[in-house]
Amino acid sequence: MSLSIEKPGLLTTIQDIGRIGYGQYGISRSGAMDGLAHRLANWLVGNPDHAATLEMTWSGMTALVEQNCWMAITGSDMQPCVHGKPVPMWRPVFVSAGSRLVFKQSVSGCRAYIGIAGGWQGEQIMGSASTYLRAGLGGLDGRPLQAGDKIRATQSYSGLSQQMLRKSAVSLQQNDVTAVNWRVSANLIPQYGKQAVIRVLPGRQWEDFDGPMQQMLLEQEYRITPQSDRMGYRLSGSELQTMQPQQYISEAVSHGTIQVPPDGQPIILMADRQTLGGYAKIAQVISLDLPRLAQMAPGDQIHFQLIDMEEAQRLYVGWVRELAVLRRFIAMKLNELGPSVRY
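None of these values were measured; they are calculated from a predicted model.

Rules of the game
- Residues numbered from 1 in each chain as written.
- Predicted model: local features only at pLDDT ≥ 70, side-chain atom pairs only at ≥ 80, totals over all residues.
- Heavy atoms only, no water.
- 1 Å grid on protein atoms, 1.4 Å probe; cavity = no way out; pocket = protein on both sides within 12 Å on 5 of 7 lines; lining within 4 Å.
- Points joined across faces, edges and corners; volume = space filled by probe spheres on them.
- Helix = DSSP H or I, 4+ residues; strand = E, 2+ residues; numbered from the N terminus.
- Nonpolar A, V, L, I, M, F, W, Y, C, P; charged D, E, K, R; others polar.
- Buried < 20%, exposed > 50% of the residue type's maximum accessible area, 1.4 Å probe, protein only.
- Lys, Arg positive; Asp, Glu negative; His and termini not counted.
- Salt bridge = Lys/Arg side-chain N within 4 Å of Asp/Glu carboxyl O.
- Polar contact = N/O pair within 3.5 Å; in protein donor to acceptor, adjacent residues only side chain to side chain.
- Contact = heavy atoms within 4.5 Å.
- Core = buried A, V, L, I, M, F, W, Y, C linked by side-chain atoms within 4.5 Å.

Asker: Looking at this structure, I do not really get the layout of surface pockets. What am I missing?
Answerer: Over the atoms, a rolled probe matching the size of one water molecule traces out where space is still vacant. The space that makes up the largest pocket amounts to roughly 870 Å³. Lining of the largest pocket is provided by 38 residues; of these, Arg29, Gly35, His255, Ser287 and Leu290 occupy positions nearest its centre. With four residues, the top contributor of residues to the lining of the largest pocket is helix 1 (residues 35-43). Split into classes, the residues belonging to the lining of the largest pocket amount to 18 nonpolar, 13 polar and seven charged. Reported here for the second largest pocket is a volume of approximately 330 Å³.

Asker: Would you take a moment to explain the side chain of Asp34 for this structure?
Answerer: When you line up the elements, Asp34 lands in the loop between strand 2 (11-15) and helix 1. Of the side chains with opposite charge, Arg111 lies nearest to the buried Asp34, which makes no salt bridge, at 8.2 Å. Here the side chain of Asp34 touches Ala37 through a polar contact of 3.0 Å, landing on its backbone nitrogen. Every residue in contact with Asp34, bar those within four places of it in the chain, is listed here: Glu55, Tyr113, Tyr192, Pro291, Ala294 and Gln295.

Asker: Help me out: how do you make sense of the pattern of salt bridges in this one?
Answerer: Oppositely charged side chains are able to pair whenever their charged atoms sit close together. All told, the structure shown has 16 salt bridges when counted by the stated rule. Notably, a salt bridge pairs Glu221 with Arg223, separated by 3.5 Å at the nearest N-O pair. By relative accessible area, Arg223 is classed as partly exposed at 33%. One salt bridge connects Glu311 with Arg314, and the closest N-O pair in it is separated by 2.8 Å. Taken together, the residues Glu311 and Arg314, both in helix 5 (residues 309-335) and three residues apart, mark about one turn of the helix. When its relative accessible area of 28% is taken as the criterion, Glu311 is described as partly exposed.

Asker: Explain the nonpolar core here, please?
Answerer: Among soluble globular proteins, nonpolar side chains are generally buried collectively. Formed by 58 residues in total, the largest nonpolar core has its most connected members in Leu3, Leu54, Met61, Ile114 and Trp120. Top contributing element to this core by residue count: helix 5, with seven residues. In this structure Met61 touches Leu3, Ile5, Lys7, Pro8, Gly9, Thr12, Leu54, Met56, Leu101, Val102, Phe103 and Ile114, once residues within four positions along its chain are discounted. Of all hydrophobic cores here, the second largest spans 34 residues; its members include Ala37, Val200, Met270 and Phe304.

So, in structure tokens, the structure goes:
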């Protein structure tokens, strides 16, 4: 299967789960900003988690589908359509050759993902096809997609995605789209909005901030600034300062670490974060809230809520169990796919 890019949108890149195990060498993990939407786009077409998807930011692309394929679109609603016909999201859809796939500006969230049966081809560097823009690594020449690019699905399909392609030998008209009559349950899809409560744990230097400063972080509103990108979200709001000015030894940081530089305006580190940080780390976003955070855009407002490790672990375990049930359901439904999926 191949996709010919006619309009690339604001920022469209090839992403997977990232480069795991190279932080000690200063190599950013990178990968999909919204790991949940990326994962579900893959599951819905029978791929493993590590298969590559396309990540679109804020406004989507226009592309010509050159071969019949199964795909799934998750994340931000960018009003996908084929020749004026809406393409349902959060479910597998069969798209016939010759279809022109069009995305518009997002109406909720800011990042959409396209999974394709087999996963997208990208330059594999350190075990990952993820595009790391600052270093020019992975994806397609380490850069965003451009008009005229042609991207293809891999040939190493997982068992389920191979079965889907084999069972999809149905007669479709050119420019046709067929969707299954089931989808991911709404209660498993994060609600995207212009305001969000983001839960955090105390950071390594939490105690270096006095009580009023800690309360300021938790009670005041912070806004994502236009200077934000895949590396980090710069926030504007009440200034935070440690009790005593001091230099910190650079140490490991992770996705969701909240650093406070000398100007007192917090920075939330995101997918393309550096591997070490020398600013005070006041808090850490919990894993469960990272997908919602990834769907926020400049101008959106954040309120932080402090929870403890026990609560964070309880929430995470419950979330993992729900996803395990969902994955089994999807696998069962994909095994049933055949000509009867038409409606």
